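# Structural description and commentary
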Amino acid sequence: MTGQNGIRLARKKRIEASTALDGDADRLVQYYRAWAGCYELDVEREHYRSPLVVAELAGAVQAAYMDKERAAIAILDAGCGTGLLGIELDQLGFRLIDGFDLSETMADMARQTGIYRNVQGDIDLNRPLSDYSSASYDMTVCCGVFMLGHVSPHGLRELARATRRNGFVVVSTERIYAEATSFETEVLRLQEEGVLTPVQYLSNGRYIGEDEAHYWAFQVHRAPGGNGNNLG
Ligand SMILES: C[S@@+](CC[C@H](N)C(=O)[O-])C[C@H]1O[C@@H](n2cnc3c(N)ncnc32)[C@H](O)[C@@H]1O
């Protein structure tokens with residue numbers, strides 16, 4: 001094996017290993033603490049497309065449906081990681097961007113971009129987002145987090161909760177995650193409850209390397225109910 005192939009294989013293994021953490025908060029925190037230093041290099045080398053696609057979709061939603069100009073739209077970036085999505089959103093003219101992540105190490109790197117208004121670490125999307133008031137954002141976005149080993153589909157309910165009435169939720173779901181979990185059932189359930197409706201869907205889009213993702217935009221109509229425990 002050449003040196004380059006070895007490096008590529010190690011990079012792919014780090015990316016794949018992140019999907020085998022069973023949604024266990026402690027393991028995820030540990031994993032991302034160790035990976036944070038080379039995360040951006042790893043995903044950029046594998047042509048990570050999701051932040052660009054999610055940001056462009058958020059931009060299209062704003063242009064198509066929202067009266068406010070981009071600079072005045074309050075956005076919450078859930079699982080913001082090192083801030084790659086924030087950087088794309090900033091380039092499109094969004095300015096009021098908050099973020100949170102389970103990993104304090106990743107959150108700290110997002111802070112260092114200087115793009116976010118506020119970034120909180122140690123926030124678990126598999127639990128109620130009690131640090132965020134209901135209906136406080138015009139838009140919530142989430143990129144590369146609805147993936148195997150990370151966040152359960154119930155996280156979508158929490159994103160809807162943090163989003164104001166008539167606001168929007170824009171997310172990516174790794175294709176194999178969508179196949180393996182009940183994400184679409186969660187979407188149907190939220191639709192039946194009158195919480196949200198899909199307004200845009202890009203299926204089998206580019207994600208990272210050879211992997212694909214689906215991209216969703218939902219409009220939120222009312223606050224969801226819930227049992228207060230996403231893991232249940
Ligand atoms: C693949 S990275 C994506 C980061 C960023 N959104 C991006 O696109 O570069 C996944 C991120 O989700 C975070 N994460 C994993 N599980 C989480 C959870 N339960 N709640 C909040 N964040 C979580 C990880 O710490 C990591 O920063």
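Bear in mind the structure is a predicted one, so any value in this text is a computation, not a measurement. The written sequence of each chain sets the order in which its residues are numbered from 1. Restriction of local features to residues with pLDDT of at least 70 applies here, the model being predicted, together with a cutoff of 80 or more for giving and counting side-chain atom pairs; totals for whole chains, interfaces and linings are based on all residues. Derived side-chain values reflect all non-hydrogen atoms in the structure, with water molecules and hydrogen atoms excluded from consideration.

### Some details on the UniProt feature "domain: Methyltransferase" (unreviewed entry) in the protein
Operational definition: UniProt positions are given in the numbering used here, feature names are shortened, and annotations may be inferred rather than shown by experiment. Helix and strand definitions here come from DSSP, where helices need a minimum of 4 consecutive H or I residues and strands a minimum of 2 consecutive E residues; each element is numbered from the N-terminal end.
Mapped onto the present numbering, the UniProt feature "domain: Methyltransferase" (unreviewed entry) falls on residues 75-167. The span residues 75-167 is 27% helix and 29% strand, and its two end C-alpha atoms sit 10 Å from each other.

### With respect to the site of the ligand
What counts, and what does not: Whether a residue is near a molecule or strand depends on its heavy atoms: if one lies within 4 Å, it is near. Any pair of nitrogen or oxygen atoms within 3.5 Å is treated as a polar contact; in protein, a donor-acceptor pairing is required on top of that, and neighbouring residues in sequence qualify only through side-chain atoms on both sides. Note on areas: these come from Shrake-Rupley sampling with a 1.4 Å probe, and a residue is covered only by the protein chains present in the view. Polar here means any residue outside two lists: the nonpolar Ala, Val, Leu, Ile, Met, Phe, Trp, Tyr, Cys and Pro, and the charged Asp, Glu, Lys and Arg; Gly therefore counts as polar.
Around the ligand, the surrounding shell holds 23 residues, and the nearest of these are Y39, Y48, G79, D101 and C143. Contacts to the ligand include L102, whose backbone N or O atom sits 3.3 Å from a nitrogen atom. Within the side chain of D124, one N or O atom sits 2.8 Å away from a nitrogen atom of the ligand. Contact with the protein chains hides 98% of the accessible area of the ligand, taken as 590 Å² for the molecule alone. Taken together, the elements giving at least two residues each to the shell around the ligand come down to α2 (25-45) and β4 (137-146). Partitioned by chemical class, the residues of the shell around the ligand number 15 nonpolar, six polar and two charged.

### Overview of the pattern of salt bridges
Selection criterion: Only one rule defines a salt bridge in this text: a Lys or Arg side-chain nitrogen within 4 Å of an Asp or Glu carboxyl oxygen. Three exposure classes are used, based on accessible area relative to the maximum for each residue type with a 1.4 Å probe and protein chains only: buried under 20%, partly exposed in between, and exposed over 50%.
One pass over the full model with this rule turns up 15 salt bridges. The shortest N-O distance in the salt bridge between R14 and D42 comes to 2.6 Å. With R14 in helix α1 (residues 3-17) and D42 in helix α2, the pair connects residues that are 28 residues apart, well separated along the chain. Classification of R14 by relative accessible area gives partly exposed; the value is 30%.

### Some details on the packing of α2 against helix α5 (residues 104-112)
Test applied: Here an angle of 0 to 180 degrees is reported between the N-to-C directions of two axes, which are lines fitted to C-alpha atoms, with helices fitted over the stretch in contact. Our angle categories are set so that under 35 degrees counts as roughly parallel, over 145 as roughly antiparallel, 65 to 115 as roughly perpendicular, and the remainder as oblique. Throughout, a residue-residue contact means that at least one pair of heavy atoms, one from each residue, lies within 4.5 Å.
Axis separation between α2 and α5 bottoms out at 8 Å; the angle between their running directions is 30°. Taken together, the axes of α2 and α5 lie roughly parallel to each other. From α2, Y32, R33, A36 and Y39 reach across to α5, where they touch T105, M106 and M109. Along the lines of polarity and charge, the residues of the contact of α2 with α5 split into five nonpolar, one polar and one charged.

### As for helix α3 (residues 50-65)
Counted only if it meets this: Each helix should span, by expectation, one fewer than its residue count multiplied by 1.5 Å.
The end-to-end C-alpha distance of α3, which contains 16 residues, comes to 22 Å, matching closely the 22 Å that a straight helix rising 1.5 Å per residue would cover. S50, P51, V53, V54, A55, L57, A58, G59, V61 and Q62 are the residues of α3 that are buried. Taken together, the buried residues of α3 touch α4 (84-91), β4, β5 (163-174), β6 (196-208) and β7 (211-220).

### Some points on the packing of α3 against α4
The criterion, for reference: Each crossing gets its handedness from the near helix: less than a right angle anticlockwise from the far helix is left-handed, clockwise is right-handed.
Direction vectors running N to C along α3 and α4 enclose 40°, while the axes themselves pass 9 Å from each other. Comparing their axes, α4 and α3 come out oblique. α3 and α4 meet at a crossing whose hand is right-handed. From α3, P51, L52, V54, A55 and A58 reach across to α4, where they touch L84, L85, E88 and L89.

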